[in-house]
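Read off the chains here:
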Amino acid sequence: YTTTNKAVMSRVMGRSQYYFPIFEAELDAHGLPLELRMLPVIESSLVPKARSKVGASGLWQFMYGTSKGYGLEVSSFIDQRFDPLLSTKAACKFLRYLYNMYGDWNLALAAYNCGPGNIKKAIKRSGGSTDFWKIYPWLPKETRGYLPGFIAANYIMTFYEDHGICPMEPNLPIATDTIHVNKNLHFNQIAEVCGVDIEEIRALNPQYLKDIIPGENETYVLRITNNTTSKFVENEDSIYRHNADKYFPKANIEKMLKEAKENNGAGNMIRHKIKNGETLGSIAIK
């Protein structure tokens, strides 16, 4: 963080001005240490659409199974692992569960990285120790560096000036508000009627995978700047009507809603013939 990754940390510190208030509010609401806001720094470098080689996604790097267990929706149109607020709420519940299991934050953080099963094995192989540093040799290689990385991230975010690191200007607007959407809505409809850059809408709403909010099924949240919020409220009916036939052709609406519903369920079985050079990880991502 203080040498080869200085540029990365500069960008992270810029993004933190937008994301840290979200993390801190939820950590406080769940009675968790505010220092845990650093976990997404080492998990995703505060990139909301980050994906790992094994399929972990979002700021908090949730695997699919864990995300579903904590109420995050994953479908063809929405992946709430990318939603900064909802994924943070889920992470807080998961972290509380892990802490209650061990009564120790070092072990809870290690389990967040490699899973309780690996921690249980390491404790057993160490002769029953519940000290992170004593079970260290039996932990997966990545997990051995996880707690030191967490400590390092807390250090550098506090003492960055001592190491010549200058935070970049945040590329996200800090002053935002939310709108509840209960009809199908395309980002282009908002951009064209409200005169806002669609990239800004995408950046504030990374959970919507196809620039579409499928509000016909249930109510979803749209995050926009304070300035855009007033324009949206004043022109709400016009926004929903704007080029509606273009963005939501009637023949495709039923298919879209059916697809969203099916993909949010158990999913469909796919048969895949393994090819030379493929791994379980590459197939899972595909």
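Everything numeric here is computed off the predicted structure, so don't read it as measured data.

Among the surface-exposed residues, K120, K121, K124 and R125 lie close enough to one another that they form a single positively charged patch. The residue K121 is located in helix α6 (residues 116-125) in this model. Judged by relative accessible area, K121 falls into the partly exposed class, the value being 46%.

Our next topic: the nonpolar core. Ranked by internal contacts, the top residues of the largest apolar core, which has 47 residues, are F23 and W60. When contributions to this core are tallied by element, the ones reaching two or more residues are α1 (6-29), α2 (39-44), α4 (84-102), α5 (105-114), α6, α7 (132-135) and α9 (146-158). A per-element tally of this core places α1 first, with 9 residues. Dropping the residues within four chain positions of it, W60 is found in contact with F23, L36, L39, P40, E43, S87, T88, A91, L95 and Y112. Ranked by size, the runner-up nonpolar core spans 24 residues in total, among them I213, L222, F232 and F248.

Considering all chains together, one arrives at 0 disulfides under this definition. Take C92: it sits in no disulfide, and the sulfur closest to it among the cysteines is that of C114, at 20 Å. On the basis of relative accessibility, which here comes to 0%, the residue C92 falls in the buried class. Owing to a relative accessible area of 17%, C114 belongs among the buried residues under this scheme.

In this model, S45 sits at a positive phi of 55°, which is unusual for a non-glycine residue. In this model, Q61 sits at a positive phi of 55°, which is unusual for a non-glycine residue. On the secondary structure map, Q61 appears in the loop between α2 and α3 (64-69). You can call Q61 buried: its relative accessible area is 13%.

Now for α9. An ideal rise of 1.5 Å per residue puts 18 Å on 13 residues; α9 measures up with 19 Å between its terminal C-alpha atoms. Where α9 is concerned, the buried positions are Y146, L147, G149, F150, A153, N154, I156 and M157. The inward-facing, buried residues of α9 contact α1, α2, α5, α7 and α8 (141-144).

Moving on, we get to the packing of α5 against α9. Interaxial distance between α5 and α9 falls to 9 Å at its minimum, and their mutual angle equals 110°. Put simply, α5 runs roughly perpendicular to α9. Regarding α5 and α9, the two cross each other, and that crossing is right-handed. Between α5 and α9, the contacting residues are N106, L109, Y112 and N113 on the first element and Y146, L147 and F150 on the second.

Here we take up a nonpolar patch on the surface. On the surface, W133, Y136 and I151 cluster together into a nonpolar patch covering about 300 Å² of accessible area. By secondary structure assignment, the location of Y136 is in the loop between α7 and α8.

Take the side chain of D83 next. Counting through the fold element by element, D83 comes out in the loop between α3 and α4. Buried charge without a salt bridge: D83, with R223 as the nearest opposite-charge side chain at an N-O distance of 6.8 Å. Looking at D83, its side chain comes within polar contact range of the main-chain nitrogen of L85, at 3.0 Å. The residues touching D83, leaving out its near neighbours within four places in the chain, are T88 and Q207.

Parameters at a glance
- Residues numbered from 1 in each chain as written.
- Predicted model: local features only at pLDDT ≥ 70, side-chain atom pairs only at ≥ 80, totals over all residues.
- Heavy atoms only, no water.
- Patch = residues over 30% accessible without salt bridge, like charges linked within 9 Å, V, L, I, M, F, W, Y side chains within 5 Å.
- Areas by Shrake-Rupley, 256 points an atom, 1.4 Å probe, with all protein chains shown as cover.
- Salt bridge = Lys/Arg side-chain N within 4 Å of Asp/Glu carboxyl O.
- Lys, Arg positive; Asp, Glu negative; His and termini not counted.
- Charge placed at Lys NZ, Arg CZ, Asp CG, Glu CD.
- Helix = DSSP H or I, 4+ residues; strand = E, 2+ residues; numbered from the N terminus.
- Buried < 20%, exposed > 50% of the residue type's maximum accessible area, 1.4 Å probe, protein only.
- Core = buried A, V, L, I, M, F, W, Y, C linked by side-chain atoms within 4.5 Å.
- Contact = heavy atoms within 4.5 Å.
- Disulfide = S-S within 2.5 Å.
- Expected span 1.5 Å × (residues − 1).
- Axes fitted to C-alpha atoms, helices over the stretch in contact; angles between N-to-C directions.
- Parallel < 35°, antiparallel > 145°, perpendicular 65-115°, else oblique.
- Left-handed = near helix turned anticlockwise from the far one by under 90°.
- Polar contact = N/O pair within 3.5 Å; in protein donor to acceptor, adjacent residues only side chain to side chain.

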